[in-house]
Amino acid sequence: MKKSSVLSVTLATTLAFGGLFTYTGKAQANSKLNELEQQQSDIHNKRSNVNESINQKDGEISNILNQQNSVEDEIEKLEAKMADTDQKIKEKEKQIDDTKAEIEKLKAEIKDLKERIEKRNEVLRDRARNIQQNGGSVKFIDVVLGANSFGDLVDRVSAVSTLVGADKQILDEQQADMEKLEADQKKVEEKLDSLNKMLEELEVLKADLKAQNEEKKVLMKELAAQKKHVENEKMSLEEQERVLKEQEAIISKAMADEKARIAEEERKAKEAAEAEKRAQQEAQAKAQEQAKAQEQAKAQEQNQAQTQTQSQSQSQSEKSTSAKSQTSGSTPSTNSSNDANLNAGGSGVLSWPASGRLSSGYGGRSGGTHFGIDIANAAGTPIYAAASGVVTRSDFSSSYGNVVYVFHPQLNLTTVYAHMSARSVSSGQNVSEGQKLGEIGNTGESFGNHLHFEVHNGPWSYHGGVNPMGYLK
Ligand SMILES: [Zn+2]
């Protein structure tokens, strides 16, 4: 015997037959889709990093281009300066040549003048000799011959007043010419020095400009190499970007395919569920038809029996009571059966799952409805499959204790065996009629060793147990 509250506890363990695969398939599909989404987001991040790097490279390239432009400007300026310096050098060289020619000319003039002075000097000496020979003062010739230089001579001669005024003037003029030429020569030589100095400076400047220009040209080469390097880096980034973009497109397509596949699977599962439901409904209708036919047959039998009994009642009135109790199987009393001859008189599609005493029947009893029958026997008594089928559940629950469900596809029935002490089959296993499923026990909400046995039309459903007596032999 067990309490009526037992079955309500098992609501949570509902097993939707055929639904298990669909659920698992859907979970797997979702995880695949999640994986694809993760991959896509990874690639998306990589792409934005690569694009950022490409932008950086563009910045570097434009920076190098600016540098190249500015260095080119500098080179242009340097080259203009160099050309200018070359021009100045040429000018200086020409000035130097001119100055040198001038100096040569002055030197020639000085030489010429010196010669003329020398001649005049000769003339003056002759005159002085003539004066001496014509009885002039002896002292005069001493004076003239004792002169140290031409200037000194002029001074001495003029001091001797014997010379004519014209001669004296010529000598003075020659003296002035001479001084002027010497001064001119000095000036021109100074000019030449200065020109040479300027030329030297220009040569230094030119060398400096040339060095600068060469430096800039080296810099230009470096910039060109840098630019090429950055451009290569950019090209490799663009290649990466292209590959990533292709990958992203492939994953997008894979995601679309996967979504379509899931939708198709769901559609098929729904179709299959509908088909199964239809099949169950048909089977149920068939079973109800059968039950109805059996009832009609039974009623007919009873009518015949009654007619017989009535006709024999006068002679055999005391024998009728014992026969009646054996055929009224739907709610048998606790004392109506024993180990040896359990007999339900049902359709007989199910065989008895265990031997024992029918301790509680199906239906209303004190405390609520009993959705199965109880077969009491000693612990360890074997429990057998009532028909061949597949184990859809082999588990322990707080209400049923050790319990086994078997679905019988041919009958479209599910049988339940509860409160077992031990189970000997597992979920998914095929079992044949009479195969041992476990042993009678007292597990779950049970009081005393017994088998609680239920029969369901189609899969197990909560409070869906029908009277097993209609199906048992
Ligand atoms: Zn029970």
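Check the secondary structure of the protein chain and you find six helices and 13 strands. Across the 473 residues in the protein chain, those meeting the buried criterion constitute 19%. Contacts in the protein chain between residues at least 24 apart in sequence constitute 71% of all its contacts with a sequence separation of at least 6.

Our focus in this paragraph is unusual backbone geometry. We note that Asn 412 has phi near 50°; this positive angle belongs to a residue other than glycine. Within the secondary structure, Asn 412 sits in the loop between strand E7 (401-408) and strand E8 (413-420). Of note in the backbone geometry, His 419 takes a positive phi value of approximately 65° without being a glycine. As for its placement among the helices and strands, His 419 is situated in strand E8. The class for His 419 is buried, based on 28 C-beta atoms found within 10 Å.

On the secondary structure map, Ala 344 appears in the loop between helix H6 (320-327) and strand E1 (357-360). Distance from Ala 344 to Met 469, taken between C-alpha atoms, is 5.2 Å for residues 125 residues apart in sequence.

Mean pLDDT over the protein chain works out to 80, with 79% of the residues at or above the 70 mark. Segment residues 313-340: pLDDT under 50, and 24 contacts once partners within four positions in sequence are set aside and those in other chains are kept.

Attention shifts here to the environment of Asn 430. Tracing the backbone shows Asn 430 in strand E10 (residues 430-431). In this structure Asn 430 comes out as exposed when scored by C-beta crowding, with 11 C-beta atoms within 10 Å. Put simply, Asn 430 and Thr 392 are 38 residues apart on the chain and 9.3 Å apart in space, counted from C-alpha to C-alpha.

Okay, the sheet that holds strand E5 (residues 382-384) next. The strand order across the open sheet formed by three strands is E5-E11-E9, and the pairing between neighbours is antiparallel. The open sheet terminates on both sides in strands that have one partner only, identified here as E5 and strand E9 (422-423).

The subject of this paragraph is the pairing of strand E6 (residues 389-397). In summary, the side chains of a regular strand alternate between the two faces of the sheet. The pairing of E6 with E10 spans two bridges and is antiparallel. Note that in E10 the partner of Gly 389 across the bridge is Val 431. Across seven bridges, E6 lies against E7 in antiparallel orientation. Across the sheet, the residue bridging to Arg 393 is Tyr 405, located in E7. Hairpin connection, E6 to E7: the antiparallel pair is bridged by three residues.

Below, the discussion takes up the pairing of strand E12 (residues 450-457). Within E12, seven of the eight residues are buried, which leaves it mostly tucked inside the rest of the structure. With four bridges joining them, strand E4 (residues 373-376) and E12 adopt antiparallel strand pairing. Following the sheet pairing, Ala 376 is matched in E12 by His 450. Relative to E12, E8 runs antiparallel, the two being bridged by six bridges. Note on E12: the bridge partner recorded for Thr 415 is Val 455. When E12 meets strand E13 (residues 465-466), the two strands line up antiparallel, connected through two bridges. Its bridge partner lying in E13, His 456 is registered against Gly 465.

Conventions we followed
Residues numbered from 1 in each chain as written. Predicted model: local features only at pLDDT ≥ 70, side-chain atom pairs only at ≥ 80, totals over all residues. Helix = DSSP H or I, 4+ residues; strand = E, 2+ residues; numbered from the N terminus. Buried ≥ 20, exposed ≤ 12 C-beta atoms within 10 Å, placed from the backbone. Contact = placed C-beta atoms within 7 Å. pLDDT = per-residue confidence, 0-100. Pairing = 2+ DSSP bridges.

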